[in-house]
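Chain and residue survey
Here is how the chains run, residue by residue.
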Amino acid sequence: MSYAAYKMMHLPTGIENCASGFITHSSADFAPQISPIQPDDLDSDWSSATKGVGPVPNLIVSAGNVLEVYIVRVQEEGSSSREGAGETKRGGVMAGVTGASLELVCHYRLHGNVESMAALSIGGGDGGKRRDSIILTFQDAKISVLEFDDSIHGLRTSSMHCFEGPEWLHLKRGRESFARGPLVKVDPQGRCAGVIVYGLQMIVLKAAEAGGLVGDDNAFTVGGTVSARIESSYLISLRDLDMKHVKDFIFIHGYIEPVMVILHERELTWAGRVSWKQHTCMISALSISTTLKQQPLIWSATNLPHDAYKLLAVPSPIGGILVIGANTIHYHSQSASCILALNNFAVSADSSQEMSRSSFSVELDAANATWLSSDVAMLSTKTGELLLLTLIYDGRVVQRLDLSKSKASVLTSEITTIGNSLLFLGSRLGDSLLVQFSCGVGASMLPHGVKEEVGDIEGELPSAKRLRRSSSDALQDMASGEELSLYGSGPNNAESSQKTFSFAVRDSLINVGPLKDFSYGLRINADPNATGIAKQSNYELVCCSGHGKNGALCVLQQSIRPEVITQEPIPGCKGLWTVYHNKNSRSHNDSSKMADDDDEYHAYLIISLETRTMVLQTVNNLEEVTETVDYYVQGSTIAAGNLFGRRRVVQVYARGARILDGAFVSQDLKDLCFRSPNSEAGSGSESPTISSVSIADPYVLLRMTDGSIQLLAGDPSTLMVSTSIPAVFENSKKSIVACTLYHDKGPEPWLRKTSTDAWLTTGIGEEIDGADGSSLHDQGDIYCVVCYESGNLDIFDVPNFTCVFSVDNFLSGKNYLCDTVIQEQIDDSQKLTNSEELGGHGRKENIHNMKVAELAMHRWSGQHSRPFLFGILTDGTILCYHAYLFEGPENAFKSEESVSVQNSLDLRNTSASRHKNLRFVRVPLDTYTKEETSSGTPFPRITMFKNVGGFPGLFLSGSRPAWFMLFRERLRIHPQLCDGPIVAFTVLHNMYCTHGLIYVTSQGTLKICQIPSLLSYDNYWPVQKIPLKGTPHQVTYFAEKNLYPLIVSYPVAKPLNQVLSSLVDQEAGHQIEQHDISNYDGTYTVEEFEVRILEPERSGGPWQTKGTIPMQTSENALTVRVVTLLNTTTRENETLLAIGTAYVQGEDVAGRGRVLLFSVERNADNSQTLIAEVYSKELKGAISALASLQGHLLIASGPKVILHKWTGSELTGVAFFDAPPLYVVSLNIVKNFILLGDIHKSIYFLSWKEQGAQLSLLAKDFGSLDCFATEFLIDGSTLSLIVSDDQKNVQIFYYAPKMSESWKGQKLLSRAEFHVGAHVTKFLRLQMLPASSDRVNPVSDKTNRFALLFGTLDGSIGCIAPLDELSFRRLQSLQKKLVDAVPHVAGLNPRSFRQFHSNGKAHRPGPDSIVDCELLCQYEMLQLEQQLEIANQIGTTRSQIVSNLNDLTLGTSFL
């Protein structure tokens, strides 16, 4: 392995930072509008709906290097959303709100981890027209300010501030490592922001004055809104202000100038001095004058406890500041102060000031907080409890603080309030929750009936649905739907401050992190006969994730494996369709129609074979009725579907079509294939046949083999169909390569909003109110999307066929599509040079044969959903676009008529019916593996579905089948590997298969399936979470018995004297007299450990605990492994479960540990699992790692590594290694080689020789490194050693005794190094799969090639895969080009992000031999012309690069 590629497969999910602000809209957009035209892309029923809720800002979250902006959709009671009105939303009805959900606006992968984040708010007083911006800070001292740009429907950088590099070196004052990255806080009125970097340097970012940027060219964005921006920045050295150790800072409310309060420690204390030197912190309030760059001290307060760590600014009208410590909460303002003691450890600084005590005892270290109202703050503690802190305020001063308990919830990393009635609990350790709260005064507000009703909404759901909804059971304490009531518990607040808060969980974001350990095991429904890539979907990853009560086992599967109900061989299948048949003609009443649509069973299944068509009826079970129906069965079918509200079926075959009523034909259209006018007479006598069909009730669009199209239009009154050629195409010479119909369904068709016709947009609202059941509106609008051979795309409305939108060169894959009329003006103003002329002729050849093979456009149901447009090119590339609405600047329309005439566009384009406000943004699909192009006639690969297992989306058939599922307006892509290529797919809903699917594999097997219901698909990989109610530490797979032993710990409160007595060394028991211990009362929480043995449930239900092995008191289980030992007496191999433990008894007791061996047996009928202890032995030192080496057991106990042989009753040492490992973190074994990683001393490479019975050190890394995980990397015949460390790096070493720089082989040499940006906790070695290029010329060297899958503490999963030199050189030169060719979000540089981070330690840089696929995947998002240009510059071709990237994806498509 000289070269490797780093690839992210599952992005981080643990949310570290969250903030709320008006990013995509301004608060004024929520005021009731006079006209129904919204100035933004919020639907018009929003403004009227949000009376009680008020303006709802966006939610911004970051997880590792992922940044996401969400919009919060609130459903009010009685709002006009008819769709989904039947289902009860999660959390019940509360304060007039029936539900709230998060919808994704934009999602970015940054080249850097977000350290802290804030929303720079708008200055008050300009009508709330302005929007907020996002300030992000990155490691060392980078600050980026981002704002939302409507024209691209995404974020763009408005300013960048960098205080690192050679010219800012003096800011570090000689220090190299800092405890934390930059921290940003924002003035509540948006006048400035502060960032603290390098411990003591404060950067003040001055915000631009409101309206200062009106002359800016971008101020025209929606209705004159402009986002908050940063004008300039300057530095304050806090050291000059005599501050030494800054802990936190914040801006406070209620001052004319911005006032910053800094919490700092004057001199540090330490554990031995705490009783004398306790109150070492103080706060200083500085008035920041951004114009004079001065910061006078205006007030300060001293004598704060040493454990104070957080400041909270009290909102107006009260003002002031809260200082939160581990044992006390202090309130300070310029005029008053008060203290609340939280437990017995709180000490008053001077006896004069009396402390009020809280009614219960709590520790508040590591708490997070947010404000629910101006006098109530919510605190979330380290155990997940939610506490309410009320400030008792008499209108003049805060008299005292009052703390009360609320519900328990997830362990949070940050909390933010969203608007006036929602809050978001962001969590790195569990699922993040969106919670609605409402506040009433006194208990009489809520009648008891309401409470009961709310209580069992969550309880009535069927169990499978409840499992799927409550994604982790940490939600359950909070989400069980009970009303949470909190009463202030103070003596004299009977009527004044008795506020009750009730909470309801509204939505949750799944998190699988932190992944501490994982193991690779077989799925329940694995197929033993699978081979190749299909075999991968037999496996799953079982991960230890979460902490404390959020601890869970996450079962992750990258590919979906449907649950087969029946299967049947059907050779030569070409296509499948299921159709409905409605006997009665129904009125088009919308609400009843919606309810019926989903539950109606399919009537017929049509199977098209090579030479005939089969028809099966499907209502109960499948029976063939081919003989008795009037369907066309003599040849293959091209398409089938329903017309006229499911009352008729249309079946299209190569030379005609039939309209059927049930089993009987009602109209036969035979002569559809007359010559089109533009086919020359000499082109052969064959008349063209139908090649592709698109159906949108009541129209059917046919594309002929010669590139002409025909439209069959149905007449709903007579239920008959007439055929016509649209006038636009009648004598056009342009050949059409792909076309589709798009049905813009629903009472409010989405595309209408994008039209610039005034009468269209205003008329909608009134028309709907007037004629509620009018069939015209329920049908929505129908459009025809057409792509020509030239690569241009047009959208026409049907049936008039006026062009409403057109795009030049659609197949080049631009990032944004907008109407050519607008595009031309942009081009004129920017005078773009056309990149096609730049290249020579040689490279234009290979794109001439690229065409669009298939088009599809669809909008899934949902009140705020927007259409997606898909295009599949002939080389297998899939272009996916998401539509959005952008009202451009007014001046763009003035010259429009003249422009379009000048450019001799069709004169009809100048009519106002064009959709000028329609734009499309390209959605990256880099998780999808591209299909190899197959020669032969392409069959349609995209099948849309409305409901498979409860999910909307589309299925992509072909040689790489995949599911695209839609959640929160984001497509989640899950491949399906288990059956190889799939030639046909359709949905099936009948009695025996509810909301299921049918597909046919390329081998000719028809399978009727359902999709596994227990998995959550709204994640990068489908996941099932199994709650453990404890912290999982390590898991391993017992393959023979299909069991998962794992280490779990959970907190137990013990009497304090019992805990203390365990800390006394029993031999020298004179340190604490016995009578001293008995005086301590109270409890102390300790972690108790056990090893649980879990079995995956056959039915896919909750996993069963088959046995537990408890540890002794104060004994921690450190490692569990399944080992194979050679029993020296019987000479047989035994597979045993080995556990290594350590006694944790404080620093006075010498460290000891036990090694335990257990045998696991199953009954004959598999009903019971018997776990028996075979052996246990106490050793010196903690037993931190175990492994079996050629039948022997290798044990790392403290500073020794000892090899034991197993006699069947006894472990006896045969060899040992005694070099200075302090504590072995991981052990890996290949053949007789041993790799061990030490907690401080990097890695050691040992070998075991049987004949001399000795462990000898081959080589080691001479540097010091805090290892996290190690593993061997095997590439053919080369062996490399990989290690990850505490600075989030990965290094690859190799052993080369012949090289001079290895000091005769003592030193391991560096082969590559890379910064992953997350703590890698586990590597797993998996054999790489054969890629497409290997099948042509199989090279023997590649057969033994392994990749390493790794999991991180952020919840991300990636892999490091070996590359051959040729591919590496090609991809590396591409990577260097892409650093400059791609605009990076937030202006971050991928090269600096991937540099090895040494945190100030001396480090000699290693070779740069790992390519970064995170950057390389941007290549396919470039325009086609740019792709060719870059490939040309590095001396290769686009197809070569794409096939290299594809081979890498294929080779690592594990699980």
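Since we're looking at a predicted model, the values are computed, not measured.

1. Focus on the overall build of the protein chain
When helices and strands are tallied, the protein chain shows 21 helices and 87 strands. Counting every position in the protein chain, which comprises 1455 residues, the buried fraction comes to 58%. Restricting to contacts in the protein chain with at least 6 residues of sequence separation, those with at least 24 account for 62%. Total accessible area computed for the protein chain in this model is approximately 58,200 Å², and 51% of it derives from carbon and sulfur atoms.

2. Some remarks on the sheet that holds strand S54 (residues 878-885)
The sheet built from 5 strands is open, its strands ordered S51-S55-S54-S53-S52 with antiparallel pairing. Two strands bound the open sheet, and with one partner strand each, they are strand S51 (816-818) and strand S52 (852-858). Averaged over neighbouring strand pairs, the angle between their axes works out to 20° when direction is ignored.

3. Overview of the environment of Ser337
Note that Ser337 resides in strand S21 (residues 337-341). Residues Ser337 and Ile321 lie 16 residues apart in sequence; the distance between their C-alpha atoms is 9.3 Å.

4. Details of helix H21 (residues 1438-1451)
Every α-helix carries 3.6 residues per turn, so stepping three or four residues along brings you back to the same face. The end-to-end C-alpha separation of H21 is 20 Å, in line with the 20 Å expected for 14 residues at 1.5 Å each. In terms of burial, H21 is largely enclosed, as 11 of its 14 residues are buried. Among all positions of H21, only Arg1438, Ile1441, Val1442, Asn1444, Leu1445, Asn1446, Asp1447, Leu1448, Thr1449, Leu1450 and Gly1451 are buried.

5. Overview of the pairing of strand S73 (residues 1192-1197)
Taken across its 6 residues, S73 has 6 buried, putting it largely inside the fold. Side chains His1192, Leu1194 and Ala1196 of S73 all project onto a buried face; the interleaved residues Leu1193, Ile1195 and Ser1197 project onto the opposite face, where all are buried too. Two successive antiparallel strands, strand S72 (residues 1183-1189) and S73, enclose a turn made up of 2 residues, where Gln1190 displays a positive phi of approximately 50°. Of the strand pairs in this sheet, S73 and strand S74 (residues 1200-1206) are connected by 5 bridges, and their pairing is antiparallel. Bridging across to S74, Ile1195 finds its partner in Ile1202. Between S73 and S74, which follow one another and run antiparallel, lie 2 residues, and Gly1198 among them has a positive phi close to 60°.

6. Details of the nonpolar core
Formed by 65 residues in total, the largest nonpolar core has its most connected members in Leu541, Leu1349, Leu1374, Leu1378 and Tyr1419. Per-element tally for this core: the top contributor is strand S1 (residues 3-10), with 6 residues. Ignoring any residue separated from it by four or fewer positions in sequence, one finds Leu1374 in contact with Leu1416, Tyr1419, Ile1430, Ile1434 and Ile1441. Of all hydrophobic cores here, the second largest spans 30 residues; its members include Phe810, Met850, Leu873 and Leu918.

7. Comments concerning a positive patch on the surface
A cluster of basic residues, Arg173, Arg175, Arg239 and Lys244, forms a positive patch at the surface. Checked against the element boundaries, Lys244 lands in the loop between strand S13 (230-237) and strand S14 (245-252).

8. Here we look at the sheet that holds strand S87 (residues 1410-1412)
In spatial order, the strands read S84-S85-S86-S1-S87; together these 5 strands make up an open sheet with mixed pairing. Unpaired on one side and paired on the other, strand S84 (1320-1327) and S87 mark the two borders of the sheet. Across this sheet, the average inter-strand angle for adjacent strands is 25°, counted without regard to direction. Taken strand by strand, helix H17 (residues 1365-1381) contacts S1, strand S86 (1357-1363) and S87, and its axis lies near 45° from that of S87.

9. Quick word on the pairing of strand S7 (residues 133-138)
When you tally the buried positions in S7, you get 6 out of 6 residues, the bulk of the element. Here S7 shows a buried face lined by Ser133, Ile135 and Thr137 and a second buried face lined by Ile134, Leu136 and Phe138. Pairing of strand S6 (residues 114-120) with S7, which is carried by 6 bridges, proceeds in the antiparallel orientation. Within the sheet, the bridge partner assigned to Ala119 lies in S7 and is Ile134.

10. Thoughts on the side chain of Lys1322
Among the structural elements, Lys1322 can be located in strand S84. Owing to a relative accessible area of 17%, Lys1322 belongs among the buried residues under this scheme. A polar side-chain atom of Lys1322 sits 3.3 Å from a polar atom in the side chain of Asp517. Of the polar contacts made by the side chain of Lys1322, one reaches the backbone oxygen of Phe518; its length is 3.0 Å.

11. Observations concerning unusual backbone geometry
Among all residues save glycine, negative phi is the norm, and among peptide bonds the norm is trans. Look at the link from Ser316 to Pro317: it is a cis peptide, with omega at 5°. The topology assignment puts Pro317 in the loop between strand S18 (310-313) and strand S19 (321-324). Although it is not a glycine, Asn303 sits at a positive phi angle of roughly 60°. Turning to its location among the elements, Asn303 is positioned in strand S17 (residues 297-304). The partly exposed category is assigned to Asn303, whose relative accessible area is 37%. Despite not being glycine, Trp1303 has its phi angle at roughly 55°, a positive value. Counting through the fold element by element, Trp1303 comes out in the loop between strand S82 (1289-1294) and strand S83 (1309-1315).

12. Description of the packing of aromatic side chains
The tally for this structure, following the rule as stated, stands at 35 aromatic pairs. Between Phe868 and Phe870, the aromatic rings sit 6.1 Å apart at their centres with planes inclined by 20°, giving stacked as the arrangement. Grouping residues by exposure puts Phe868 and Phe870 together as buried. Here a set of aromatic residues connected by ring pairs shows up, and it is made of Tyr6, Phe1314, Phe1323 and Phe1350. Note that Arg646 overlies the ring of Tyr580, its terminal NZ or CZ placed 3.6 Å from the centroid. Positioned over the ring face of Tyr788 is Lys734, at 4.3 Å from the centre of the ring.

13. Quick word on helix H20 (residues 1424-1433)
Buried within H20 are the following residues: Leu1424, Glu1425, Gln1427, Leu1428, Ile1430 and Ala1431. In the stretch just after H20, Gly1435 is the one whose phi turns positive, near 75°.

14. Thoughts on a nonpolar patch on the surface
Together, Tyr601, Val619, Met991 and Tyr992 line one region of the surface with nonpolar side chains, adding up to about 380 Å² of accessible area. Locating Tyr992 in the fold gives a position in the loop between strand S60 (982-988) and strand S61 (996-1001).

15. Some thoughts on the confidence of the model for the protein chain
Mean pLDDT over the protein chain: 82, with 82% of residues reaching 70 or higher. This model gives residues 758-777 a pLDDT under 50, and the stretch forms 20 contacts once residues within four places in sequence are excluded.

16. Some details on the side chain of Thr820
Tracing the chain through its elements places Thr820 in helix H9 (residues 820-830). On the basis of relative accessibility, which here comes to 6%, the residue Thr820 falls in the buried class. Looking at Thr820, its side chain comes within polar contact range of the side chain of Ser806, at 2.8 Å. Those residues in contact with Thr820 that lie beyond four places of it in its chain are Ser806, Val807, Asp808 and Arg914.

Criteria and cut-off values
- Residues numbered from 1 in each chain as written.
- Predicted model: local features only at pLDDT ≥ 70, side-chain atom pairs only at ≥ 80, totals over all residues.
- Heavy atoms only, no water.
- Helix = DSSP H or I, 4+ residues; strand = E, 2+ residues; numbered from the N terminus.
- Buried < 20%, exposed > 50% of the residue type's maximum accessible area, 1.4 Å probe, protein only.
- Contact = heavy atoms within 4.5 Å.
- Areas by Shrake-Rupley, 256 points an atom, 1.4 Å probe, with all protein chains shown as cover.
- Pairing = 2+ DSSP bridges.
- Axes fitted to C-alpha atoms, helices over the stretch in contact; angles between N-to-C directions.
- Expected span 1.5 Å × (residues − 1).
- Core = buried A, V, L, I, M, F, W, Y, C linked by side-chain atoms within 4.5 Å.
- Patch = residues over 30% accessible without salt bridge, like charges linked within 9 Å, V, L, I, M, F, W, Y side chains within 5 Å.
- Salt bridge = Lys/Arg side-chain N within 4 Å of Asp/Glu carboxyl O.
- Lys, Arg positive; Asp, Glu negative; His and termini not counted.
- Charge placed at Lys NZ, Arg CZ, Asp CG, Glu CD.
- Polar contact = N/O pair within 3.5 Å; in protein donor to acceptor, adjacent residues only side chain to side chain.
- Phe/Tyr/Trp six-rings, centres within 6.5 Å; stacked < 30°, edge-to-face > 60°.
- Lys NZ or Arg CZ within 6 Å of the ring centre and 35° of its normal.
- pLDDT = per-residue confidence, 0-100.

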